[in-house]
Amino acid sequence: MSAVDVALSPIHIESGFIHNRNKSIVIYLTVADSVIPMCILESDSIASVKLRIQTCKGFLVKKQKLVFEGKELSRNNTLLTDYGVSSGDVLHLILRVSNLLVITVETAFRKEFKFQVERFRNIRHLKQKISEQAKGFPFVNIDDQEILCNGEKLDDQRLIDDICKNQDAVVHLVVQKPQESQPRKDLRNKKIQNKSLLQPIIINPDLKIPPVIWDMLHSASEGLKKIKKPIRSSEGTGGAYFMQHPSGKKHVAIFKPIDEEPMAVNNPQGLPPSTNGEGLKRGTKVGEGALREVAAYILDHPLTGPRSTKMEMGFSGVPPTIMVKCLNEEFNHPQGYDGGEKNIKIGSLQMFVKNCGSCEDLGPRDFPVEEVHKITVFDLRTANADRHAGNILMNRESDRIVLIPIDHGYCLPENFEDCTFDWLYWPQAREPYSQKSLDYINSLDAEQDIALLSSYGWDLSLECARTFRISTMLLKKGAKKGLSPFTIGKIMCRETLNKESMIEKIVEKAHDSMITGMSEVVFLETVSKIMDSELENVCV
Ligand SMILES: Nc1ncnc2c1ncn2[C@@H]1O[C@H](COP(=O)(O)OP(=O)(O)OP(=O)(O)O)[C@@H](O)[C@H]1O
């Protein structure tokens, strides 16, 4: 049975069942290289379409992203037709496959080992894990092991991802005598080594790079020199590469090239290039994701104000991020690779943060209130248009869960249309801000922040700056009034796709009262007055 048959059969039955009440339409899903026709109902929501895909294809709902005409269909309770999808339309399905796999190794003695291994590790790493667990067995030495999968002998350098694709896997370990080791690094690799490059892009030489960022640059650069190749993450809609430590045993950073962003020309997920330059979220531009990632780090200053060269963790904990240029054969080069100038990529380099998964993997119950609140502060002040639970990593520090916000390529948009926050529905969001958070919010100054970004070389567009000023204004006024992150968030986010949020209505009212030639300052004063009067009716 082909993939098409698998997808079609159950859907036909289901659609036919309620056909009288609802008109059915056929849409086409592109996933990787295949196209799957799908019969759905006009009354189907995004959530129900995703559920059908899960039922038919086994891809978990939370791992699916649907894209139509360059926009992510991110509101699960919205009808497909409200997004303008009609019969015959093509939707792109992006799967966020986990980087972690459970591998079962069976030995010739029927002993079983289970490991959680990252997809981008190689077979040699698996052998190391086996030898750590196999004390007392004859294959404790790495070179005494040979790993077979479906009868095929696997080379030490082969990536786990290569053999396991989507699901967890069982591989068979066979013990054998040591063999002559093969010289692995061929001449071609040497050539590539000479053609790797990683350099920070410094616009303002007066601004010193913090030592923690130098260390990250140094490790990633040494990793490239030692031919520890960047490894593409299997999660995410854009090209995101794990840069390796020179030892090859850990990651030091994530590199996201601008030409591989969603809808950009070299996107490795096969998303078609944007036709009007707009990004996956409203009010963002393709190719500006890396700037926004860097801006998120710069704006996330500590309570004491903008950072000096001393590394201080920002209030919300955005990992250190810098703009770099980087050359390596492993990135997506559909036009070919010769190591020349045209292969150099520009993008954001963010420090890799040790984590035990994302908030998508766990219910929110155990997240400390302060940890959730620090994320809400960041999202509200930057009107973040991409805060789903998968974009918050978790770590455990002495039995306490610490949250780490990542993926800020859609913060600072030109408007509020696509603002959605998964934390809105978490209980912590209904708690009032603590005094520490209130002090931080009170210290925020949008004008100072815009000037700060400008000193780093990014002059926000008038629209982005306006949205940023208004979102900072709302956060400050809301917090001062004692509103919880939930209440402030509800003011900023649309309840449904086509129902404007309160903040959008406030901006529109201010627009309506604008007279030609009105300055930005006067416009913002008008917004402020309207906001004050609207907030009077909002209960704490
Ligand atoms: N700073 C970091 N530290 C550790 N892991 C990270 C970091 N940033 C990203 N990752 C990992 O890389 C994966 C891909 O990154 P990310 O989600 O930011 O990519 P993206 O293409 O922008 O994704 P999306 O489709 O959600 O917009 C993440 O799922 C996460 O596992």
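The rules behind these values
Residues numbered from 1 in each chain as written. Predicted model: local features only at pLDDT ≥ 70, side-chain atom pairs only at ≥ 80, totals over all residues. UniProt positions renumbered as here; feature names shortened; annotations may be inferred. Buried ≥ 20, exposed ≤ 12 C-beta atoms within 10 Å, placed from the backbone. Helix = DSSP H or I, 4+ residues; strand = E, 2+ residues; numbered from the N terminus. Domains from an automatic or database assignment. Nonpolar A, V, L, I, M, F, W, Y, C, P; charged D, E, K, R; others polar. Core = buried A, V, L, I, M, F, W, Y, C linked by C-beta atoms within 7 Å. Contact = placed C-beta atoms within 7 Å. Pairing = 2+ DSSP bridges. Axes fitted to C-alpha atoms, helices over the stretch in contact; angles between N-to-C directions. Parallel < 35°, antiparallel > 145°, perpendicular 65-115°, else oblique. Left-handed = near helix turned anticlockwise from the far one by under 90°.

- As recorded by an unreviewed UniProt entry, the protein chain carries the name 1-phosphatidylinositol 4-kinase and is attributed to Lactuca sativa.
- A UniProt comment under Sequence similarities (unreviewed entry) is attached to the protein chain, and it reads "Belongs to the PI3/PI4-kinase family. Type II PI4K subfamily."

1. Concerning unusual backbone geometry
(1) Moving on: Even without being glycine, Glu-69 reaches a positive phi, approximately 45°.
(2) Moving on: Residue Glu-69 is classed as partly exposed on the basis of its C-beta count, with 16 C-beta atoms lying within 10 Å.
(3) Moving on: Here Asp-399, not a glycine, exhibits a phi torsion of approximately 70°, which is positive.
(4) Moving on: Along the chain, Asp-399 turns up in the loop between strand E17 (392-397) and strand E18 (400-405).
(5) Moving on: Under the C-beta neighbour-count criterion, Asp-399 is labelled exposed, with 5 such atoms within 10 Å.

2. A word on the domain arrangement of the protein chain
(1) Moving on: For the protein chain, the assigned domains are domain 1 (3-95), domain 2 (100-175), domain 3 (190-351) and domain 4 (372-536).
(2) Moving on: One C-alpha centre belongs to domain 1, the other to domain 4; they are set 32 Å apart.
(3) Moving on: For the side of domain 1 that touches domain 4, the residue count by class is 1 nonpolar, 2 polar and 2 charged.

3. Let's talk about the nonpolar core
(1) Moving on: Core analysis: the largest hydrophobic core is formed by 84 residues, its most contacted members being Ala-220, Ala-253, Ala-295, Met-492 and Ile-503.
(2) Moving on: Here this core takes 8 residues from helix H7 (residues 289-299), the largest share from any one element.
(3) Moving on: Both domain 3 (190-351) and domain 4 (372-536) contribute no fewer than three residues apiece to this core.
(4) Moving on: Setting aside residues no more than four positions away along its own chain, Ile-503 makes contact with Phe-416, Ile-470, Leu-474, Ile-491 and Met-492.
(5) Moving on: Of all hydrophobic cores here, the second largest spans 21 residues; its members include Ile-40, Ile-53, Leu-91 and Met-263.

4. Focus: the sheet that holds strand E3 (residues 64-68)
(1) Moving on: Strand order across the open sheet formed by 5 strands is E2-E1-E5-E3-E4, with mixed pairing between neighbours. Since the sheet does not close on itself, it has two edges, and those belong to strand E2 (34-41) and strand E4 (71-72), each with one partner.
(2) Moving on: Across 2 bridges, E3 lies against E4 in antiparallel orientation. Note on E4: the bridge partner recorded for Phe-68 is Lys-71.

5. Considerations on the packing of helix H8 (residues 369-382) against helix H12 (residues 485-492)
Each pair of packed helices gets described by two things: the angle between the helix axes and the distance between those axes.
(1) Moving on: Here H8 crosses H12 at 25°, and the two axes come no closer than 11 Å. When the axes of H8 and H12 are compared, the pair comes out roughly parallel. Crossing angle aside, the handedness with which H8 passes H12 is left-handed. Across the interface between the two elements, His-373, Thr-376 and Leu-380 from H8 touch Pro-485, Ile-488, Gly-489 and Met-492 from H12.
(2) Moving on: Of the residues belonging to the contact of H8 with H12, the class tally is 4 nonpolar, 3 polar and no charged.

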